[in-house]
Amino acid sequence: MNLFRDMRGRILELLQGLAADGTLPAGLETVRVAVEPPRDASHGDMAVNAAMILAKDAGMKPRDLAALLADRIRTLPGVATAEIAGPGFINLRLDRAVWLDCLSAILAEGEGFGRSDMGGRGGRGARVNVEYVSANPTGPLHIGHARGTVFGDVLASLLAAAGYDVCREYYINDAGAQVDILARSAFLRYREALGDDIGAIPEGLYPGDYLKAVGSAIAAEDGARWRDAGEAEWLPAIRSKAVAAMMDLVRADLAALGVRHDVFTSERALVDAGKVGEALAELESRGLIYTGILEPPKGKAPDDWEPRPQTLFRASQFGDDVDRPLKKSDGSWTYFASDIAYHWDKYKRGFAIQIDVWGADHGGYVKRMQAATKAITGGKAALDVKICQIVRIMDQGEPVKMSKRAGTFVTLRDLVDEVGKDVVRFIMLTRKNDAGLDFDLTAVTEQSRDNPVFYVQYAHARCHSVMRMARTAMPGLDISPESLRAANFARLTDESELGLIRAMGNWPRTVESAAEAHEPHRLAFYMYDLASEFHALWTKGKEDATLRFIIEDDPELTTARLALVRGVQTVIAAGLGIFGVHPVEELR
RNA sequence: GCGCCCGUAGCUCAGCUGGAUAGAGCACCAGAUUCCUAAUCUGGGGGUCACAGGUUCAAGUCCUGUCGGGCGCGCCA
């Protein structure tokens, strides 16, 4: 149930009617017609901008068109008033019964309230692929991965809630030089496990203790088989085992954060299957590959720059600044080349809508990837890249210096262990993805209004608390979901109560707009605002006892108010559900 | 030098893809709080939306330029 979308649909029907009887010209473009809550609540329940959007094409003044339309809107069931304001807004007030029905719908739909079918009507939604994390399989996840991981995961949930058929994907970069280094590092640990003295880990290799277990495992499995073999002989096997072990680590870290991917795609597998060659042949056949010499970047020419003919993709034909190399000087593919194959592969697997979640340091890569995706799919796939800005870990307002040597934590797991997965997940979404974020280890566990996690959780817990209280104070009262659903909502008359219902009525459109914009952080702000309204009403009951939720000598009123509380609880739980945050029933 | 992102109240940030008088929280000031959970609530002051142009009925939002901050810039991923 989405009151705003329903109303928009009915207004579009009215417009069609006006066009059909010749009052308005036919074929007016209505995509920009919006039905929204007005910025100022005193303007009413809904604001319609149709008259201003359509005035020019209709050949009318906005306010005249508004008057015409308002006359029709007033005849719609559920509309109490339709007034023209400002440059041509039509402000609607709905019958109170409409809002009360909305509460009824919330209770009936439960946490499904707010789910949408915008991803596709009548059956399965459009398929969307969200690729996130995709950290190199060379060690455990570190703090720098936290934000993109949470962002991608919640964006995926959000799109699913909006009716899309979502695939959560992880791209394993197991084909580059990094994993060879991993293999060499693991090989040392293997020899160590066999009793060799390996001394200090040489510069350039991964020194982490987490590789000791890998070395031991290989020693246990293969014995001394590789010990005296040449690198060319052992490297592929050790690499494969090490990567598998690292992915186990990564998966465990992800699980600690409550993240689970549907698909893990291996870059090496793509390469071995010849997909890169196929992709480049495809581009070649479209005349998009040539051999040329790139200009050195101005202002920052690398020391060892020398002009060299390269195999280039014509990225600049698709919006990129320059053409991009596909081959390294040793003849192997660049990372970009296999990434083209990968995105093409995603498209061929049925994903015309693709979203990649990257860290801020990859911002310069966005254009070329979009250019390549556009080129190789013939413009049929859309790639949106969400860049997550860096997170500064703070403590008591001071930045935390993170280094292994200093003993301060650097891994994602440490962060989760320190404050809990729910806190990490929520806080990572309290800022827009492309803005920086300060994560204060002390502030996020404080119990105050400054701390959005607490504030929202407290609202949810408070709902449960009220229910527990009601059971004690009025033992004979039936507060089962069925009973609350059948409550006499007409007893809800206070403006704060209705305001709360209106706020809840905004939830479905918040979900839709957040899904459309690929901006899950909007849900955090919504939840915070709803919690705020709820706390305000609760406090009102302290000053005015007649506004309390529990009125012992009036079971009917109490039931209605508990239904309201239940509604708030439901909507917050729905929001936290999309966030993958467990809604607490009690704070301690 | 070029590209991308950012610039909104003293501070941290929203602003629903162009709408009405630009909003929260913190901090500050003034109040409420023997209470369904104490960890709150009500009100107030505070703005050249970095700056300058442009587009239109309407610009924080779109375009151009300038300034300031971050990230990136062939054979790393």
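Bear in mind the structure is a predicted one, so any value in this text is a computation, not a measurement.

By the definition in use, this model includes 15 aromatic pairs. Measuring from centroid to centroid gives 3.8 Å for F187 and W234, while their planes differ by 0°, and the two rings are stacked. One end of the pair, F187, is in helix α6 (residues 177-193); the other, W234, is in helix α8 (residues 231-256), with 47 residues separating them in the sequence. Where F336 meets Y365, the ring centres are 5.9 Å apart and the plane angle is 85°; that geometry is what we call edge-to-face. With F336 in helix α11 (residues 335-348) and Y365 in the loop between β11 (353-359) and α12 (366-376), this residue pair connects regions lying 29 residues apart in the sequence. Site record: aromatic cluster; members linked through ring pairs are Y171, F313, F318, Y335, F336, Y342, W358 and Y365.

In contact at an axis separation of 8 Å, α6 and α8 are set at 95° when each is read in the N-to-C sense. Overall, the two elements α6 and α8 adopt an arrangement that is roughly perpendicular. Contact with α6, carried on its side by V179, D180, L182, A183, R184, A186 and F187, involves E231, W234, L235, I238, R239, A242, V243 and M246 of α8 and no other residues of that element. A class-by-class count of the residues in the contact of α6 with α8 yields 11 nonpolar, no polar and four charged.

Turning our eyes to something else, we now look at the protein's contact with RNA strand B. As a matter of local geometry, RNA strand B sits amid 72 residues, with F89, S329, Q447, M469 and K542 nearest to it. Of all atoms in RNA strand B that approach within 4 Å of the protein, 57% are sugar or phosphate atoms. The contact in question runs from a phosphate oxygen of RNA strand B to an N or O atom on the side chain of R39, over 3.0 Å. For the surface near RNA strand B, the elements supplying multiple residues, two or more each, are α2 (50-58), β4 (89-94), α6, α15 (452-473), α18 (507-517) and α19 (521-543). When residues in the surface near RNA strand B are grouped by element, the largest group, 10 residues, is from α19. Looking at the surface near RNA strand B residue by residue, the classes come out as 28 nonpolar, 18 polar and 26 charged.

Split into domains, chain A comes out as domain 1 (3-94), domain 2 (127-174 + 259-388), domain 3 (177-246) and domain 4 (448-579). Relative to domain 3, the C-alpha centre of domain 2 lies at a distance of 30 Å. In this assembly, eight residues from domain 2 lie in contact with eight residues from domain 3. Sorting the residues of domain 2 by area buried against domain 3 places P137, T138 and R268 first, and these three jointly supply 60% of that buried surface. Where domain 2 meets domain 3, there are zero salt bridges. At the boundary of domain 2 and domain 3, one finds one residue pair in polar contact (both at pLDDT 80 or more). Along the lines of polarity and charge, the residues of the side of domain 2 that touches domain 3 split into two nonpolar, four polar and two charged.

The rules we used
- Residues numbered from 1 in each chain as written.
- Chains lettered and ligands numbered in written order.
- Predicted model: local features only at pLDDT ≥ 70, side-chain atom pairs only at ≥ 80, totals over all residues.
- Heavy atoms only, no water.
- Phe/Tyr/Trp six-rings, centres within 6.5 Å; stacked < 30°, edge-to-face > 60°.
- Helix = DSSP H or I, 4+ residues; strand = E, 2+ residues; numbered from the N terminus.
- Axes fitted to C-alpha atoms, helices over the stretch in contact; angles between N-to-C directions.
- Parallel < 35°, antiparallel > 145°, perpendicular 65-115°, else oblique.
- Contact = heavy atoms within 4.5 Å.
- Nonpolar A, V, L, I, M, F, W, Y, C, P; charged D, E, K, R; others polar.
- Near = heavy atom within 4 Å.
- Polar contact = N/O pair within 3.5 Å; in protein donor to acceptor, adjacent residues only side chain to side chain.
- Domains from an automatic or database assignment.
- Buried area = accessible area lost by both parts, 1.4 Å probe.
- Salt bridge = Lys/Arg side-chain N within 4 Å of Asp/Glu carboxyl O.

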